[in-house]
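Overview (structure and organization)
Single-letter residue listing:
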Amino acid sequence: MHSAVIPPLRLGVNIDHVATVRQARGTAYPDPVEAGLIAASGGADSLTIHLREDRRHIQDDDVVRLVARSPVPVNLEIAVTGEMIALACRARPAFACLVPERREEVTTEGGLDVVRHRTAVRDACRRLMAEGIVPALFIDADDDQLAATVEVGAPQVEIHTGRYADTGGEAQRVELTRIRHFARQALTAGLEVHAGHGLHLDNVAAIARIPELVELNIGHSIIARAILVGLPAAVAEMRRAMSEARVIAA
Ligand code: PXP
């Protein structure tokens, strides 16, 4: 049997939860920047950090230090607020992913409502792009959100895979079909298409196999796995799972 390889998929490693462990005790260790450097030398194509408004894990200083030291592009996740956009413009990461944020949530629940916040999102994208920062919008696989994303001029989209990750059986199959359809539509609309949230070694393959995707952003499962096997091994395992999924029977 022949096999074909879909073009490679980049892995963005989210290192927020290294900072979660540090903040749990108010110590100076473990340093998420040091973890980022290890993840990059272990094969991460980019490093993602989410500076939340409540500063529960990543701190302002982490952003500055990571941008200064990272050998790979930094992707800063931020809410669409004046404070966060100004901070990103000062820190100048290569990429900024605009996400919704509610203080009481455990993690980002649901995608950004670009339809509802069209004007603010458009202004944020313009401000970021004026500083040479490439914005992405983190949205649910929804046609109206896609149309609004194109309209506000964002060049990249990240599909929220949380619902896919949190379900199983038929519900998961339905969600996967929705994500596949959306990825095709988004690429046709001229966007670069990424995905992330809730992905781990046992559920990543079906998402990694979607040919229109060029990047996955994965955090919690990699950092959790790193506790057991070390960060370089955890990054390598995920990269392997993603590459194996890209090889399809032809
Ligand atoms: N992508 C975005 C936009 C996110 O907000 C997060 C969580 O911070 C992730 C990806 C990574 O999600 P997880 O930690 O579940 O892998």
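Presented here is an overview of the structure given in this document.

What follows deals with the site of the ligand. Around the ligand, a shell composed of 13 residues is seen, among which E77, E158, G198, G219 and H220 lie nearest. G198 places a main-chain nitrogen or oxygen 2.8 Å from an oxygen atom of the ligand. Protein burial of the ligand: of its 400 Å² of free accessible surface, 94% is covered by the chains. The class makeup of the residues in the shell around the ligand is three nonpolar, seven polar and three charged.

Summarising the element assignment, Q185 is placed in helix 8 (residues 169-188). Classification of Q185 as partly exposed rests on a relative accessible area of 35%. Between the C-alpha atoms of Q185 and G219, which are 34 residues apart in sequence, the distance is 26 Å.

It is worth spelling out the pairing of strand 4 (residues 74-79) at this point. In terms of residue burial, strand 4 counts as a mostly covered element, since six of its six residues are buried. Residues V74, L76 and I78 of strand 4 are buried on one face, and the alternating residues N75, E77 and A79, pointing to the opposite face, are buried as well. Relative to strand 4, strand 3 (residues 46-50) is paired through four bridges, and the arrangement is parallel. By the bridge assignment for strand 4, T48 is matched with N75. Handedness of the crossover joining strand 3 and strand 4 through helix 3 (residues 60-69) is recorded here as right-handed. Where strand 4 meets strand 5 (residues 95-99), five bridges bridge the pair, whose relative direction is parallel.

This part takes up the pattern of salt bridges. Summed over all chains, the structure comprises 18 salt bridges. As a salt-bridge pair, E131 and R92 come within 2.6 Å of each other at their nearest N and O atoms. Of this pair, E131 sits in the loop between helix 5 (118-130) and strand 6 (134-139) while R92 sits in the loop between helix 4 (82-91) and strand 5, and the two are 39 residues apart along the sequence. On the basis of relative accessible area, R92 is assigned to the partly exposed category, the value being 47%. Within this structure, R22, D31, D61, D62 and R65 form a network of salt bridges that share partners.

Here we come to the environment of A234. Tracing the backbone shows A234 in helix 11 (residues 231-246). Owing to a relative accessible area of 2%, A234 belongs among the buried residues under this scheme. In this structure the C-alpha to C-alpha distance between A234 and L201, which are 33 residues apart in sequence, comes to 9.7 Å. Leave out the neighbours within four places in its chain, and A234 touches I222, R225, A226 and V229.

Of all the five residues making up strand 7 (residues 156-160), five are buried; the element is thus mostly covered by neighbouring parts of the structure. Taking every second residue as pointing to the same face, both faces of strand 7 are buried, with Q156, E158 and H160 on one and V157 and I159 on the other. Of the pairings in the sheet, the one linking strand 6 to strand 7 comprises four bridges and is parallel in character. In the sheet register, L137 faces strand 7, and the bridge partner there is V157. With helix 6 (residues 143-152) bridging strand 6 and the parallel strand 7, this β-α-β connection has right-handed handedness. For strand 7 and strand 8 (residues 192-196), the ladder comprises five bridges, and the chain directions are parallel. The partner of E158 across the bridge, within strand 8, is H194.

Rules and cut-offs
- Residues numbered from 1 in each chain as written.
- Predicted model: local features only at pLDDT ≥ 70, side-chain atom pairs only at ≥ 80, totals over all residues.
- Heavy atoms only, no water.
- Near = heavy atom within 4 Å.
- Polar contact = N/O pair within 3.5 Å; in protein donor to acceptor, adjacent residues only side chain to side chain.
- Areas by Shrake-Rupley, 256 points an atom, 1.4 Å probe, with all protein chains shown as cover.
- Nonpolar A, V, L, I, M, F, W, Y, C, P; charged D, E, K, R; others polar.
- Helix = DSSP H or I, 4+ residues; strand = E, 2+ residues; numbered from the N terminus.
- Buried < 20%, exposed > 50% of the residue type's maximum accessible area, 1.4 Å probe, protein only.
- Pairing = 2+ DSSP bridges.
- Right-handed = clockwise from strand over helix to strand, strands pointing away.
- Salt bridge = Lys/Arg side-chain N within 4 Å of Asp/Glu carboxyl O.
- Contact = heavy atoms within 4.5 Å.

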